[in-house]
Amino acid sequence: MISIPINILLVDDEKDFVEMLSLRLTEKKESVFLANNGKECLEIIEKESIDVIILDLKMPGMDGIQTLKKIKAKSPLIEVIMLTGHGTAETAVDGMKLGAFDYLLKPCDFDTLVQKLNAARKRKEDQEERIRQAEAKLLLRRSGVI
Amino acid sequence: MESSKLLIVDDEENFRNAIVRRLKKRGHALIEADCAESALMSMAKESIDVIVSDIKMPGMDGLSLLAQIKSQYPDCEVILLTGHANATDGVSGIKQGAFDYLSKPISLDHLINKINHAREKISRRKAEEQEALFKESIKHKMIATERLASLGTLSAGVAHEINNPLAIINEACGWMQTILASDQMKSIPRKNDLDKALSKIETSIVRARNITHHLLQFSRKPDNIISDVNMDLLITETIQFLSKELEKKNIHISVQNQSNPVVIGSDPSQIRQVLLNLLTNAIHASFPDEFIEIFISYKKNGVCLEIKDYGEGIPPENLNTVFEPFFTTKAPGEGTGLGLFVIKGIVENLKGTISLTSQLGRGTQFSIYFPCLYQKE
């Protein structure tokens, strides 16, 4: 079965981490974009069609939660999986209340990460599908078919 | 103090009888002795706090008796009685540790006064000793708390600093494994060796990660989310969670409830973690086909748990260290040595207590108490 790659955006100030994880995901035939801070992340989601963002919570400058708020304000349909390296599970839970899909503790188990990526993409697709159907209904109603 | 008696030592029977009779009339509990030797025998049998002794006695004299008492019963006070021309004996008695001396003939009121003063001195000294002990224990606790606090800060820092490079190693290793598993790499030379090395790296990452995650758990002071705790249910859930491990060793857990369940307020998820950890330990310690017993008893304002296994037990020299961080008897890589340390932190965070007794080869019993944390109305 050919799987359609997930467009993933990795956001972390640890350049080596971003690079290694992206190589690994690319090896698994996903399509990966990289950002080293919140600002870059917001620039990329403007230009690219991103499905899922893997977002480190602890970054200098704009931190994970601030970035998350801006992502959700700009593109609420993009799913966000948060990464935390220092036990701030509370912050991660706060993030989920702000609309993040889930969180993982660093270093994370790759299989779990892949599972969550797939689940996040599915939620995004389901949501988009519902929107399409709602739009279609709306069009039909407007054009007087129903 | 009231149960301790006076001891009157004098070889002159008439004098002794007179004092004893009059002191008894005033309500003093006392014992008499006609010589130093019999005085020492009485002291071995009875609880005595103040000794009134004549100095001039045949056989062992009052001063030798004083020396004996001071070396054997340092908590006692001695009042010496001297002949009226013999103040020097009394003075040398005080130098040797007597409370005071009185010259014969003595006034009873004077004597009673001295006895009371001696008793005050004893109780003052006891209070001071207790205070010193208390201060010492507080000091110990403070040192321990400080150490833990700095360990908490340190561990959070270490965990953060280690987790990030660890995550990089983890992804790099996973990447290499993925590459090696691809078709183009199928027939490279010594592929097995590379696979083997990578899998060692992978398991070592997991091992290091377990340590950092445990440390983070400790350093993170979770906000207690207080709600109704149904201890019976929590235990049932935990046992279910561990059912595979239990089956593997064919271990049965019997839960005995010694009183009617009372709902207490505490943090169920933290208690669940305590149960999970203690039961896992108990399973590891148990021999196959054994029992683990859990006793629940509800108190007026909390719940007591006892978790008893019949496993290996803990050697006495380790009893004091099991709660310390990084203490483990498991093989390297199997235990982080943080389990009980974290558990103790959780229990104390929930204002509870945890203690254990163990006999080598007979098993270990943990007693935990969780108080109800609902504010009293």
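From a predicted model like this one, the values you see are computed outputs, not experimental measurements.

Asker: What should I look at first to understand the overall build of chain B in this one?
Answerer: The helix and strand tally for chain B stands at 10 helices and 12 strands. Buried residues in chain B amount to 28% of all 377 residues. In chain B, the proportion of contacts linking residues at least 24 apart, taken out of those at least 6 apart, comes to 66%.

Asker: Sorry, what's going on with helix α1 (residues 15–27) of chain A here?
Answerer: An α-helical segment advances 3.6 residues per turn. Residues three or four places apart therefore align on the same side. Residues and elements named next belong to chain A. Taking 1.5 Å per residue, 13 residues should reach 18 Å; α1 reaches 18 Å between its end C-alpha atoms and fits that length. Here α1 has its buried residues at Phe 17, Val 18, Met 20, Leu 21, Ser 22, Arg 24 and Leu 25. Of the residues trailing α1, Lys 29 is marked for its positive phi of about 70°.

Asker: Looking at this structure, how should I read the packing of helix α2 (residues 38–47) of chain A against helix α3 (residues 64–74) of chain A?
Answerer: Each pair of packed helices gets described by two things: the angle between the helix axes and the distance between those axes. Residues and elements named next belong to chain A. In contact at an axis separation of 10 Å, α2 and α3 are set at 15° when each is read in the N-to-C sense. In terms of orientation, α2 and α3 fall into the roughly parallel class. Taken as a pair, α2 and α3 cross one another with a handedness that is right-handed. Side by side, α2 and α3 meet where Gly 38, Cys 41, Leu 42 and Ile 45 of the first sit next to Gln 66, Thr 67, Lys 70, Ile 71 and Lys 74 of the second. Classifying every residue of the contact of α2 with α3 gives four nonpolar, three polar and two charged.

Asker: Honestly, the pairing of strand β12 (residues 363–371) of chain B in this entry has me stumped. Any pointers?
Answerer: For a regular strand, side chains alternate in direction, first toward one face of the sheet and then toward the other. Residues and elements named next belong to chain B. Here eight bridges tie strand β10 (residues 302–309) to β12, and the two strands are oriented antiparallel to one another. What sits directly across from Glu 306, in β12, is Ser 367. Across seven bridges, the pairing between strand β11 (residues 353–359) and β12 is antiparallel. Across the sheet, the residue bridging to Ser 358 is Thr 364, located in β12. Between β11 and β12, which pair antiparallel and follow one another directly, the connecting turn spans three residues, one of which, Gly 361, has a positive phi of 85°.

Asker: Would you explain the sheet that holds strand β4 (residues 77–82) of chain B in this entry?
Answerer: In a beta sheet, neighbouring strands are held together by backbone hydrogen bonds and run either parallel or antiparallel to one another. Residue and element names in this part refer to chain B. Judged by pairing direction, the sheet is parallel, and its five strands sit side by side in the order β2-β1-β3-β4-β5 without closing on themselves. Bordering the open sheet on either side are β2 (30–33) and β5 (100–103), each of which pairs with just one other strand. For this sheet the average axis-to-axis angle between neighbouring strands, irrespective of direction, equals 20°. Bridge count for strand β1 (residues 5–9) against β2 is four bridges, and the pairing is parallel. Along β2, the bridge assignment pairs Ile 8 with Glu 32. Across the sheet, helix α1 (residues 13–25) touches β1 and β2, and the angle it forms with β2 is around 175°. Against the sheet, helix α2 (residues 36–45) makes contact with β1, β2 and β3 (48–54), and its axis sits at roughly 165° relative to β1, the strand it touches most.

Asker: Teacher, can you tell me more about the packing of helix α9 (residues 268–285) of chain B against helix α10 (residues 339–349) of chain B here?
Answerer: Residues and elements named next belong to chain B. Relative to each other, α9 and α10 sit at 150°, their axes nearing to 10 Å. For the pair α9 and α10, the sense of crossing is left-handed. Of α10, the residues touching α9 (which contributes Gln 270, Gln 273, Val 274, Asn 277, Leu 278 and Asn 281) are Gly 339, Ile 343, Ile 346 and Val 347. Broken down by class, the residue content of the contact of α9 with α10 amounts to five nonpolar, five polar and no charged.

Asker: Got a minute to help me understand the sheet that holds strand β4 (residues 79–84) of chain A in this structure?
Answerer: All names here are of chain A. Ordered in space as β2-β1-β3-β4-β5, the five strands form an open sheet in which the pairing is parallel. The strands lining the two open edges of the sheet, one partner per strand, are β2 (31–35) and β5 (102–105). Each strand of the sheet is rotated relative to its neighbour by a mean of 20°, with strand direction disregarded. Bridging between strand β1 (residues 7–11) and β2 involves five bridges; their strand directions are parallel. Within the sheet, the bridge partner assigned to Asn 7 lies in β2 and is Ser 31. Sitting on the sheet, α3 is in contact with β1, β3 (52–56) and β4, with an inclination near 155° to β3.

Asker: Where do I start with the interface of chain A and chain B in this structure?
Answerer: The extent of an interface is frequently quoted as the accessible surface area lost upon association of the parts. Contacts between the two partners involve 16 residues from chain A and, on the opposite side, 22 residues from chain B. Counting residues per element, the side of chain A that touches chain B draws most heavily on α1 of chain A, at seven residues. Of the residues in the side of chain A that touches chain B, the class split is seven nonpolar, three polar and six charged.

What counts, and where the lines are drawn
- Residues numbered from 1 in each chain as written.
- Chains lettered and ligands numbered in written order.
- Predicted model: local features only at pLDDT ≥ 70, side-chain atom pairs only at ≥ 80, totals over all residues.
- Helix = DSSP H or I, 4+ residues; strand = E, 2+ residues; numbered from the N terminus.
- Buried ≥ 20, exposed ≤ 12 C-beta atoms within 10 Å, placed from the backbone.
- Contact = placed C-beta atoms within 7 Å.
- Expected span 1.5 Å × (residues − 1).
- Axes fitted to C-alpha atoms, helices over the stretch in contact; angles between N-to-C directions.
- Parallel < 35°, antiparallel > 145°, perpendicular 65-115°, else oblique.
- Left-handed = near helix turned anticlockwise from the far one by under 90°.
- Nonpolar A, V, L, I, M, F, W, Y, C, P; charged D, E, K, R; others polar.
- Pairing = 2+ DSSP bridges.

That is the geometry; function is a separate question.
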